Structures are given as C-alpha cells and as structure tokens.
Amino acid sequence: MSAPGRLRGARLLLGAAVLLAACGPRPEPFHQQRILAFGTLVDVSLWEVDEDRAEEAFHVLGQELNWMHDAWHAWRPSAVTTLNRQLQSGEPFVPDPATLPLVDISTDFALKSGHLFNPAIGKLIALWGYQADEPGKTPPDPALIADLVRQDPRMDDIRHDGSNLRGRNPAVQLDFGGFAKGYGVDRAMERLQAMGIRNAMVAAAGDIRVIGRRGDRAWRIGIRHPRQAGAIASLDMEGDENISTSGDYERYFEYEGRRYHHIIDPRIGYPAQGTASVTVVSHNGALADAAATGLFVAGPREWRATAARLGVDQVMLVATDGTVYMTPRMAERVRFEVTPPPVVLVVP
Ligand code: AMP
Ligand code: MG
C-alpha cells in the first residue's frame, strides 16, 4: 500500500458514455472522485446526488478509507502490526476493535477454503518481498520458504478465550491484503447508504461494489484481460453486488524468465501456479475478495469444490493456458470482449 492521501479536485467525468449522458436533453447529476487508499486509487461514483451531498460523501469516504488504510496496513505501524506482535508473544490480550472483525471474518473464510485463502502467511508474503511498496527482484532462499511452510501458520492457531485472543503459533503473521479491499468497499458503501445515497459504485482496483443503477441502466463492469490491455469480458451489475478479481498481473517480478507474483500457495510457499486471474461475484465484498484469492490458489483443478465450500456460485477462472472456467450462473451474465472468444468450460 502506498501513502494515504486524498486527491483533491479530481472529480472527473470519465468515459464517452458519461459525457454523452451529460450532453443529452436531461443531464443526470453524476459525480466521481478518486481517493488514494489501499495502495490504489479508489474510484467513487455517485448517481442522482446533488453537488453538496456529493462533496459531503467524498469527504466522509476519504476519512473512512484513510482510516482503514492506516489501521490495516500490513507492514507500516498499524493496528494490524500491533496485533501481530501480541499474537507472537503467546500471551492472552484484548484485541483492538479495529482488527477483531477482520480476524473473525477471515478465519471463517480461511477454514472454508481449506486454508488456501490464508491471511496468517504474512511472513511468507514478506519473505517474497510483497510487504513493501516495491516487490522483491529475486526469489527468496528455498530453505527459508520450507521452514515457514513446515511451521504451517493458520488462522485457527489464534485462540479466542471470551474477549481475549492468544497466538499459539509464532509463525502466524496476519496480512489482510487478500480481503481488506473487498471488506473495505462494503464498509465504504454502508457509509454512503447511511447518507441516503442509493445509486453508487465504489471501485478499489479489482474490488468493486455497486448499489442501485447508473441512471436508466445497470453499472457495466469490465473484467481485465490477464495477458493483454483492455477487458476480457464484461457484465452488468445492479442492486447491491460485489465483484472481485485477483490476478497474477497485479504485483509480480520476473526472474530468469519466470513470473513470481503476489498470491502465495500456503501449501508450498511459492506463487500459485496455473491461474492467471479469478473473478467472483457475490453480495458480500469481503467474501468475494477472499474467495477470489483462495480460488486463485485452488487453481483449475480445485476451484470448483473450493467455491462450493465457500458458498460462491458466480466464478470465472482464467487459467495460464488461456482456458476460461466458469460456473453456470457466471456464464449466464458474462459477455466476452475479445474475438475469437476463449475456450470456455462451464462447470456445474
Ligand atoms: P488479492 O489481490 O485480493 O488476491 O490479494 C493479494 C494479496 O493477498 C497479496 O498481496 C498478499 O498480501 C495476500 N495473499 C497472498 N497470498 C495469499 C493467500 N494464499 N491467502 C490470503 N492472502 C494472501
Ligand atoms: Mg482477494
């Protein structure tokens, strides 16, 4: 994550479609602002909201997103780094309320995913150089990787005793990077809804939540192509829905002709193989984000069973060989944006 901050004066009308709407006979009040948080520009779009209300909403969200960014940062001093020290000590402690919900929710997802989504592997993520603004340049020492894998840090190494937590495995180091943005966009959207806003989109790079509609149509969301510029597919979203995509193109380095990306298979301690990207649609942003990361690790062979255990039924996985795997519910609503369309396997 990079430094928190708010880009001021960046309210933009983006995209030809929006400009056309603004030039039409009945201009719709559309407002957009980009706020720097979670190491990315979070795009907030509001529809049918007047100017003053939009300004207020952007201000509130700027504060909320900065708070989350600071509290949940995995390597700069934060409530999460404090929590990691407390877990490391092995002594019981009362957790900071800023972090307890993340522990509880992510533990549930970790267990359901068979620990393929595993936020307890912060030490492995740091070893690979992904707890830094710039990723590493060479793979770490295999002996260090093997040692961490052997210690098998997992979310169920954190014991709950009433209101206390206690760490049972000193190898546990929490890194919520795999689901904090999805959880965060839900919280951000709750704030907008509490202000009476009914039509909005909050997009933190690959983690997006929409409510309502974009004027007289749904919100159209593009799913990034993992290997070329532009979208591989798109879909219309409305009501109250999230979409999260995890990709091996987000953060990676190349070494001796191989790509070493930021999604680590906890079973082997190396970047997960076989998947280029995974997209999950759900009514729960934290779940969509955690599932996208966990299914990325599960890969073409195990994603279907893992998705069922996590309770997500709208999934698209693009394998590194270009094959696209989808659930039937995802296949119903996705439109491919590439010609010829890819080889698709719909897996019930
Ligand atoms: P995402 O883009 O949501 O897939 O998140 C990727 C981030 O999740 C990485 O940068 C790490 O911080 C973290 N991460 C990597 N591997 C895992 C894993 N197996 N389970 C949970 N979090 C992970
Ligand atoms: Mg994720």
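No experiment lies behind these values; they were computed from the predicted model shown.

Caption draft 1: Representation of the coordination of the magnesium ion (ligand 2) within the structure. Taken together, G178 (O), D289 (O), D289 (OD) and T293 (OG1) make up the full set of protein donors to the magnesium ion (ligand 2), lying 1.9 to 2.4 Å away. Sequence positions of the donors to the magnesium ion (ligand 2) reduce to the motif G-x110-D-x3-T. Placement of both D289 and T293 in helix α8 (residues 285-310) is noted, with a separation of four residues, approximately one turn of the helix. Taking the relative accessible area as the measure of exposure, D289 reaches 4% and is therefore buried. Under the relative-accessibility criterion, T293 is labelled buried at 14%.

Caption draft 2: Representation of the site of ligand 1 in the model. N118, S246, I264, D289 and T293 are the nearest of the 17 residues found near ligand 1. The backbone of I264 places a nitrogen or oxygen atom 2.8 Å from a nitrogen atom of ligand 1. A distance of 2.9 Å separates an oxygen atom of ligand 1 from a polar atom in the side chain of D289. Contact with the protein chains covers 94% of the free accessible surface of ligand 1, which is 500 Å². Element by element, the count of residues in the shell around ligand 1 is highest for α8, at three residues. Looking at the shell around ligand 1, its residues break down into nine nonpolar, six polar and two charged.

Caption draft 3: Representation of the pairing of strand β11 (residues 252-255) in the model. The sheet contact formed by β11 and strand β12 (residues 258-261) spans four bridges and is antiparallel. In the strand pairing of β12, E254 is matched with R259. As consecutive antiparallel partners, β11 and β12 are separated by two residues, and within that stretch E256 has a phi angle of approximately 50°, a positive value.

Caption draft 4: Structural context of the sheet that holds strand β18 (residues 335-336). Sheet architecture is open: three strands sit in the order β8-β9-β18, paired in antiparallel fashion. With one partner strand each, in any of the chains shown, β8 (219-224) and β18 form the two edges of the open sheet. As paired strands, strand β9 (residues 231-237) and β18 are joined by two bridges and run antiparallel to one another. Across the sheet, A233 pairs through a bridge with F336, a residue of β18.

Caption draft 5: Here's a closer look at the packing of helix α7 (residues 180-194) against α8. Packing of α7 against α8 leaves a shortest axis separation of 7 Å and a crossing angle of 165°. By the angle between their directions, the pair α7 and α8 is classed as roughly antiparallel. Pair α7 / α8 crosses with right-handed handedness. Residues A180, K181, G182, Y183 and D186 of α7 form the contact with α8, whose own contacting residues are G285, A286 and D289. Counted by class, the contact of α7 with α8 contains three nonpolar, two polar and three charged residues.

Caption draft 6: Quick peek at the nonpolar core. In terms of nonpolar packing, the biggest core is built from 70 residues, with L46, L174 and L192 touching the most fellow members. With near-sequence residues (within four places) excluded, L174 lies in contact with V80, L83, N84, L87, V103, P119, A120, M155 and I158. By size, the runner-up hydrophobic cluster in this structure holds 22 residues, among which are A203, A233, V334 and V338.

The rules behind each value
Residues numbered from 1 in each chain as written. Chains lettered and ligands numbered in written order. Predicted model: local features only at pLDDT ≥ 70, side-chain atom pairs only at ≥ 80, totals over all residues. Heavy atoms only, no water. Donors = N, O, S within 2.8 Å, 3.2 Å for Na, K, Ca; no water. Helix = DSSP H or I, 4+ residues; strand = E, 2+ residues; numbered from the N terminus. Buried < 20%, exposed > 50% of the residue type's maximum accessible area, 1.4 Å probe, protein only. Near = heavy atom within 4 Å. Polar contact = N/O pair within 3.5 Å; in protein donor to acceptor, adjacent residues only side chain to side chain. Areas by Shrake-Rupley, 256 points an atom, 1.4 Å probe, with all protein chains shown as cover. Nonpolar A, V, L, I, M, F, W, Y, C, P; charged D, E, K, R; others polar. Pairing = 2+ DSSP bridges. Axes fitted to C-alpha atoms, helices over the stretch in contact; angles between N-to-C directions. Parallel < 35°, antiparallel > 145°, perpendicular 65-115°, else oblique. Left-handed = near helix turned anticlockwise from the far one by under 90°. Contact = heavy atoms within 4.5 Å. Core = buried A, V, L, I, M, F, W, Y, C linked by side-chain atoms within 4.5 Å.

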